[in-house]
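# Topology and contacts: notes
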Amino acid sequence: MTKQLITSALPYVNGLPHLGHLIGCHLPADVYARYLRQKGEEVLFIDGTDEHGTPSEVGAAKEGMDVEAYCKKYHDLHVKMYEGFNLSFDYFGRTSSEQNKEMTYRIFHALDKNGLIEERTTNQVYSPDDDRYLPDSYVMGTCPHCGYDKAKGDQCENCTKVLDPVDLINPRSVLSGSTNIEIRPTKHLFLQLPKLEAELEKWIETKKGIWPDIAYTVAKKWLKEGLKERGITRDLKWGFAVPKEGFENKVFYVWFDAPIGYIGITKQWADEDPANRNWEDWWLNASDVRHTEFMGKDNIPYHTISFPATLRGTGETWTEVSFLKGMNYLNFAGGKFSKSAHRGVFLDQALEEFPADYWRYWLIANAPESDDTSFSFEQFAATINKDLNDVLGNFINRVLKMTVANFGEVVPACGEITEAETELYALLDDTIKTYYNHMDGLEFRKAMADLREILVAGNNYLAKTEPWKAAKADLNRAGTILYTALNLIRLYARLIAPIMPATAERMNKVLNIETNPVWVPSKMAEELKTLTSGHHINQSEPLFQKILPERVEELRQKYKETE
RNA sequence: CGCGGGGUAGAGCAGUCCGGUAGCUUGCCAGGCUCAUAACCUGGAGGUCGUGAGGUUCAAAUCCCACCCCCGCAACCA
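Residues numbered from 1 in each chain as written. Chains lettered and ligands numbered in written order. Predicted model: local features only at pLDDT ≥ 70, side-chain atom pairs only at ≥ 80, totals over all residues. Heavy atoms only, no water.

### Focus on the overall build of chain A
Along the backbone of chain A there are 19 helices and 16 strands. Against the compact-globule benchmark of 24 Å for 563 residues, chain A has a radius of gyration of 27 Å, which places it among compact chains. With the C-alpha coordinates aligned to their principal axes, the bounding extent of chain A is approximately 90 × 55 × 40 Å. For chain A, the residues scored as buried account for 56% of the 563 residues in total. (Helix = DSSP H or I, 4+ residues; strand = E, 2+ residues; numbered from the N terminus. Rg over C-alpha atoms; globule rule 2.2 N^0.38 Å. Buried < 20%, exposed > 50% of the residue type's maximum accessible area, 1.4 Å probe, protein only.)

Here it is, written out as structure tokens:
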């Protein structure tokens, strides 16, 4: 049976993640992982913090910390927040781990042996006052084309022209503002992507019509322009030292060892239980593995070109991406979420305001799949109030209240099945099939629309059968309706579990049934007869609370939502 | 002329590949119901489908051309 490897783009450790990061990859990956586990598939869901590179060094210096302690601090904060959102990683590791170092070296040596690594001397900006080489975007100056005085070394934001740092007039360090800037020649190692181009092209071509358009087209675009050799080392201290003579003072570029981190982190996972886990089962000559990757659109080139090239260049058979889910961006009320400006809603704040499931539901239902999407508290409140409170929460509440009032805390007997029930069965059989198709295709918004239709069907059923009237005229009939409705609640708890695990658990407690079992719905004519009459159920407070207009206004002010 | 994605009721989206009465959710209005969290169910109004008195066609949101706007990318931020 196929094993399901799921990876979510590794979040950069520097700073704290916001809602955009959550929906950009981690949350859809989690929903998919939970969905597959529920279907009984063998799943390994891997993620972790990406830790090397200039921003970590600079961030640590800013906080007056040792870079390793700094990374550990932020790694732990990431873990805490993802736990708060119930992300079900099998392992959440770190790219700075020993295991990843081992993996990085192994892959590097193989590439080197195959003649795919070449040495080049490049001119790099060095800032004596910062005591470091500066990446292009850490150099600022006046644009030679338009005169904009805050142009960055890689590109002028004003006239959008691509620049080289040496083009800048009056260059200065973004970090210290120092104008004491030198250009120093420095040796680096380059991965020879052009040698792998033909092979990659052939491979990408097989993904046409299978991967989402955005993933395929981005990959094609890079190939069309022709691949260029790519530097995989940097003049930094924080990173894996390059194991090659003459490069002792350099480290691997973060984008070289970060994707290898998927493998390194899998080894971290395996090392915790070596008797039962083996990383190679998932990554090396593992023909029975289907690998699904989740990431923001900015990550696509690395996951379609440089990382696959890195793996192929070793000459070994590594697990490649089978399906790539690229997401667009979630914006904040017309603007953007920003880590540096701390604009938007960050994950720790989000959890202080509302339960994780509120966010999970809204984000998945509004996932930026085909285009960038905006978050606003007003939209958020409207969706939560309608879908969760009114449609789902109220349905559960009215069914429970009616049951307890007429039959006590037990599932009533099921009498004769009428047309109302068979119609309900038919509708649900149909919609659930569509729902599963959309989930299998990782089309989350569409799946959520199906789910909503399924939830509405419950209220519709009650409107048609009017159990409150039947309770006065024909108690047997009322019992049959509530029996069916209670079974609907069970069905709902199962269906929403991948999206709202905590809510599903609460529903299961009310129904006094097992939580998170392996489950695939059978035909409704059987599925809606699973809870049998006489089964004890519990009473419950409403599952959700409405977000009132005053609260929305308060949140808008607090988070400085514009527009 | 760098590349890609997007522009469809007030808001959020589907439909575009493969042309055939423009659809869904929310919001608004009306009715029904009264078990339930002022909730639920039904019906209605609301759109020159970015622009072009463009092209092809019996027929264009859909195909072709030109232009405008938004977003992302452009290989040393990650």
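### Structural notes on the sheet that holds strand E8 (residues 169-173)
What the three strands build is an open sheet, ordered E7-E6-E8; its pairing is antiparallel. Of all the strands in the sheet, the pair left with one neighbour each is strand E7 (151-152) and E8. As paired strands, strand E6 (residues 139-142) and E8 are joined by three bridges and run antiparallel to one another. Residue Thr142 lies in a different strand from E8, and its bridge partner there is Ile169. (Pairing = 2+ DSSP bridges.)

### Description of the protein's contact with RNA strand B
Every one of the 56 residues lining RNA strand B counts as a neighbour, but Asp136, Gln155, Lys336, Asp372 and Gln379 are closest to it. Restricting attention to atoms of RNA strand B within 4 Å of the protein, one finds that 68% of them are sugar or phosphate atoms. A distance of 3.3 Å separates a base nitrogen of RNA strand B from a polar atom in the side chain of Trp255. Contact between RNA strand B and Arg445: a sugar or linking oxygen at 3.4 Å from a side-chain N or O atom of the residue. Elements with a contribution of two residues or more to the surface near RNA strand B: helix H2 (54-62), strand E4 (117-127), helix H6 (213-225), helix H7 (254-271), helix H12 (377-407), helix H14 (444-465) and helix H15 (467-473). With ten residues, the top contributor of residues to the surface near RNA strand B is H12. Taken together, the residues that form the surface near RNA strand B break down as 17 nonpolar, 18 polar and 21 charged. (Near = heavy atom within 4 Å. Polar contact = N/O pair within 3.5 Å; in protein donor to acceptor, adjacent residues only side chain to side chain. Nonpolar A, V, L, I, M, F, W, Y, C, P; charged D, E, K, R; others polar.)

### A look at the packing of helix H11 (residues 356-365) against H12
Between two packed helices, both the angle of their axes relative to each other and the distance between the axes serve to describe the pair. Axis separation between H11 and H12 bottoms out at 10 Å; the angle between their running directions is 100°. The angle between H11 and H12 places the two elements in the roughly perpendicular class. When H11 is examined against H12, the residues Tyr358, Trp359, Tyr361 and Trp362 are found in contact with a partner set consisting of Phe377, Gln379, Phe380, Thr383, Ile384, Asp387 and Leu388. Taken together, the residues of the contact of H11 with H12 break down into eight nonpolar, two polar and one charged. (Axes fitted to C-alpha atoms, helices over the stretch in contact; angles between N-to-C directions. Parallel < 35°, antiparallel > 145°, perpendicular 65-115°, else oblique. Contact = heavy atoms within 4.5 Å.)

### Details of helix H13 (residues 419-440)
Residues spaced three or four apart along an α-helix face the same direction, because each turn holds 3.6 residues. Helix length check: H13 (22 residues) gives 32 Å between terminal C-alpha atoms against 32 Å at 1.5 Å per residue, within 8%. For H13, the complete set of buried residues consists of Glu421, Leu424, Tyr425, Leu428, Thr431, Ile432, Tyr435, Tyr436, His438 and Met439. What you see down the axis of H13 is that its buried residues fit within an arc of 160°, all on one side. Turned more than 90 degrees away from the buried face of H13, the exposed residues are Glu419, Asp430 and Lys433. Positive backbone phi, approximately 55°, marks Leu442, located one or two places after H13. (Expected span 1.5 Å × (residues − 1). Arc of directions from axis to C-beta.)

### Some words on the packing of aromatic side chains
Scanning the model with the defined rule gives 29 aromatic pairs in all. Between the aromatic rings of Phe395 and Tyr492, the centroid separation amounts to 5.7 Å while the plane-to-plane angle is 55°, which identifies the pairing as tilted. Residue Phe395 is found in helix H12, and its partner Tyr492 is found in helix H16 (residues 475-496); the two are separated by 97 residues along the sequence. Residue classification places Tyr492 among the buried residues on the basis of a relative accessible area of 1%. Here a set of aromatic residues connected by ring pairs shows up, and it is made of Phe332, Phe354, Tyr358, Trp359, Trp362, Phe375, Phe377, Phe380, Phe544 and Tyr559. Directly above the aromatic system of Trp282 lies the positively charged group of Lys3, at a separation of 4.9 Å from the ring centroid. Over the aromatic face of Tyr126 sits the side chain of Arg184, whose NZ or CZ is 3.6 Å from the ring centroid. (Phe/Tyr/Trp six-rings, centres within 6.5 Å; stacked < 30°, edge-to-face > 60°. Lys NZ or Arg CZ within 6 Å of the ring centre and 35° of its normal.)

### Quick word on the pairing of strand E9 (residues 182-191)
The pairing of E4 with E9 spans ten bridges and is classified as antiparallel. Directly across from Thr121, in E9, lies its bridge partner Lys187. In this sheet, strand E10 (residues 230-231) lies alongside E9 in antiparallel orientation, the contact comprising two bridges. Bridge assignment links Phe190 to a residue of E10, and that residue is Gly231.

### Digging into the side chain of Arg494
Here Arg494 lies in helix H16. Within the buried core, Arg494 has no salt-bridge partner, and the shortest N-O distance to an opposite charge, that of Glu514, equals 5.3 Å. Residues contacting Arg494, with those up to four places away along its chain left out, are Gln38, Asn508, Ile513, Glu514, Pro517 and Trp519. (Lys, Arg positive; Asp, Glu negative; His and termini not counted. Salt bridge = Lys/Arg side-chain N within 4 Å of Asp/Glu carboxyl O.)

### Examining the nonpolar core
The biggest cluster of nonpolar side chains holds 165 residues, and the ones touching the most others in it are Leu19, Val345, Trp359, Phe375, Leu428, Tyr435 and Leu491. In terms of residues, this core owes the most to one element, H16, which gives 13 residues. Not counting residues up to four positions away in its chain, the partners in contact with Val345 are His18, Leu19, Phe332, Phe337, Ala350, Trp359, Phe375, Phe377 and Tyr559. Listed in part, the ten residues of the second largest apolar core include Val139, Cys143, Cys156 and Leu163. (Core = buried A, V, L, I, M, F, W, Y, C linked by side-chain atoms within 4.5 Å.)

### Description of the pattern of salt bridges
Scanning the model with the defined rule gives 33 salt bridges in all. For Asp112, the salt bridge identified is with Lys244, shortest N-O distance 3.0 Å. Of this pair, Asp112 sits in helix H4 (residues 98-113) while Lys244 sits in the loop between strand E11 (233-234) and strand E12 (251-252), placing them 132 residues apart in sequence. Residue Asp112 is classed as partly exposed on the basis of its relative accessible area of 23%.

### Some remarks on the side chain of Thr304
Inspection of the secondary structure assignment puts Thr304 in helix H9 (residues 300-313). Here the side chain of Thr304 touches Ile300 through a polar contact of 2.9 Å, landing on its backbone oxygen. Among residues more than four places away in sequence, those in contact with Thr304 are Trp203, Ile204, Trp211, Ala215, Ala219 and Leu324.

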